[in-house]
Protein chains: 2
Amino acid sequence: MDKITTYRQYVQDILKKYQALGDGSPVSEVETQLVFDKEHDHYQLVNIGWRQGKYRTYGCIVHVDIRDGKVWMQHDSTDYDFVGKFLEKGIPSEDIVLGFQSPSKRPYTGFAVG
Amino acid sequence: MDKITTYRQYVQDILKKYQALGDGSPVSEVETQLVFDKEHDHYQLVNIGWRQGKYRTYGCIVHVDIRDGKVWMQHDSTDYDFVGKFLEKGIPSEDIVLGFQSPSKRPYTGFAVG
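Residues numbered from 1 in each chain as written. Chains lettered and ligands numbered in written order. Predicted model: local features only at pLDDT ≥ 70, side-chain atom pairs only at ≥ 80, totals over all residues. Heavy atoms only, no water.

Re the interface of chain A and chain B
Contacts between the two partners involve 28 residues from chain A and, on the opposite side, 28 residues from chain B. Roughly 2,100 Å² is buried in total at the junction of chain A and chain B, and carbon and sulfur atoms are behind 48% of that figure. A salt bridge links R67 of chain A to E31 of chain B; the shortest N-O distance between them is 3.2 Å. The interface formed by chain A and chain B includes 23 residue pairs in polar contact (both at pLDDT 80 or more). Contributions of two or more residues to the side of chain A that touches chain B are made by β1 (30–37), β2 (42–51), β3 (55–67) and β4 (70–76) of chain A. Here the residues of the side of chain A that touches chain B sort into ten nonpolar, ten polar and eight charged. (Contact = heavy atoms within 4.5 Å. Buried area = accessible area lost by both parts, 1.4 Å probe. Salt bridge = Lys/Arg side-chain N within 4 Å of Asp/Glu carboxyl O. Polar contact = N/O pair within 3.5 Å; in protein donor to acceptor, adjacent residues only side chain to side chain. Helix = DSSP H or I, 4+ residues; strand = E, 2+ residues; numbered from the N terminus. Nonpolar A, V, L, I, M, F, W, Y, C, P; charged D, E, K, R; others polar.)

Here's the deal with the state of the cysteines
Counted under the stated rule, the structure contains zero disulfides over all chains. We note that C60 of chain A lacks a disulfide partner, and the nearest cysteine sulfur, in C60 of chain B, lies 8.1 Å from it. (Disulfide = S-S within 2.5 Å.)

Structural notes on the sheet that holds β2 of chain A
Residue and element names in this part refer to chain A. Strand order across the open sheet formed by five strands is β1-β2-β3-β4-β5, with mixed pairing between neighbours. Of all strands in the sheet, those with a lone pairing partner are β1 and β5 (96–98), marking the two edges. Taking the axes of each pair of neighbouring strands and ignoring which way they run, one obtains an average angle of 20 degrees across the sheet. Direction of pairing for β2 relative to β3: antiparallel, over a ladder of ten bridges. Its bridge partner lying in β3, H42 is registered against D65. (Pairing = 2+ DSSP bridges. Axes fitted to C-alpha atoms, helices over the stretch in contact; angles between N-to-C directions.)

Brief notes about unusual backbone geometry
In the Ramachandran plot, D68 of chain A falls in the positive-phi region, its phi being about 50 degrees despite a non-glycine side chain. With respect to the helices, strands and loops of the structure, D68 of chain A is situated in the loop between β3 and β4. The backbone of Q52 of chain B shows a phi angle near 55 degrees, a positive value even though the residue is not glycine. Along the chain, the position of Q52 of chain B falls in the loop between β2 (42–51) and β3 (55–67).

A closer look at the sheet that holds strand β4 (residues 70–76) of chain B
All names here are of chain B. Pairing in this open sheet of five strands is mixed, and the strands run β1-β2-β3-β4-β5 from one edge to the other. Whereas interior strands pair on both sides, the edge strands pair on one side only; in this sheet they are β1 (30–37) and β5 (96–98). Across the sheet, the mean angle separating the axes of adjacent strands is 20 degrees when strand polarity is ignored. Each of β2, β3, β4 and β5 touches helix α2 (residues 82–89); the most contacted strand, β4, lies at about 155 degrees to it.

Spelled out as structure tokens, the structure:
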């Protein structure tokens, strides 16, 4: 497989695994959706539901893009260390961009700048 | 086309049209992504970027699901009236669910309850 195909597979596998763990959702009434736009390489986990039928939960908890051969971590509100999982799988740090860090700080992250 | 195929097309067209208007993003540095998971019928517009290179914007502005033959408006932080556009296209109110309204209030919305 070429590099991008491999990265796509890794990202999808890792997000699916987290969803299967059931750790994304605080309660069973809140669904953790996998939202995979494979055509444009956007990969998300989104929490949606109503707690006790009254309190709304809505929000993306993880958002990863693949762009120009790099894996962009755009958003991560979990404690799961998705970036660590990407590194473990074998995606090198020079192919990972911490999109949630400002462009001026990225040179100091040890990851790609974009 | 069957009903669901038609609804998919309407939802995609309306979200694409809004993106093309450029009204989703407050500034040019913030990209409005179309995130379409056509396999699982999740359709989103997501704003991502850095204003002045310093201030992060990240968030889904619209999220629509198609589920069990119905169009679920899960989230809408715009003033565009997406539901109004769905009705104009011809999606009947009995096939639209306002997911952002609590289940107990949905019977009074004039739309489907789920």
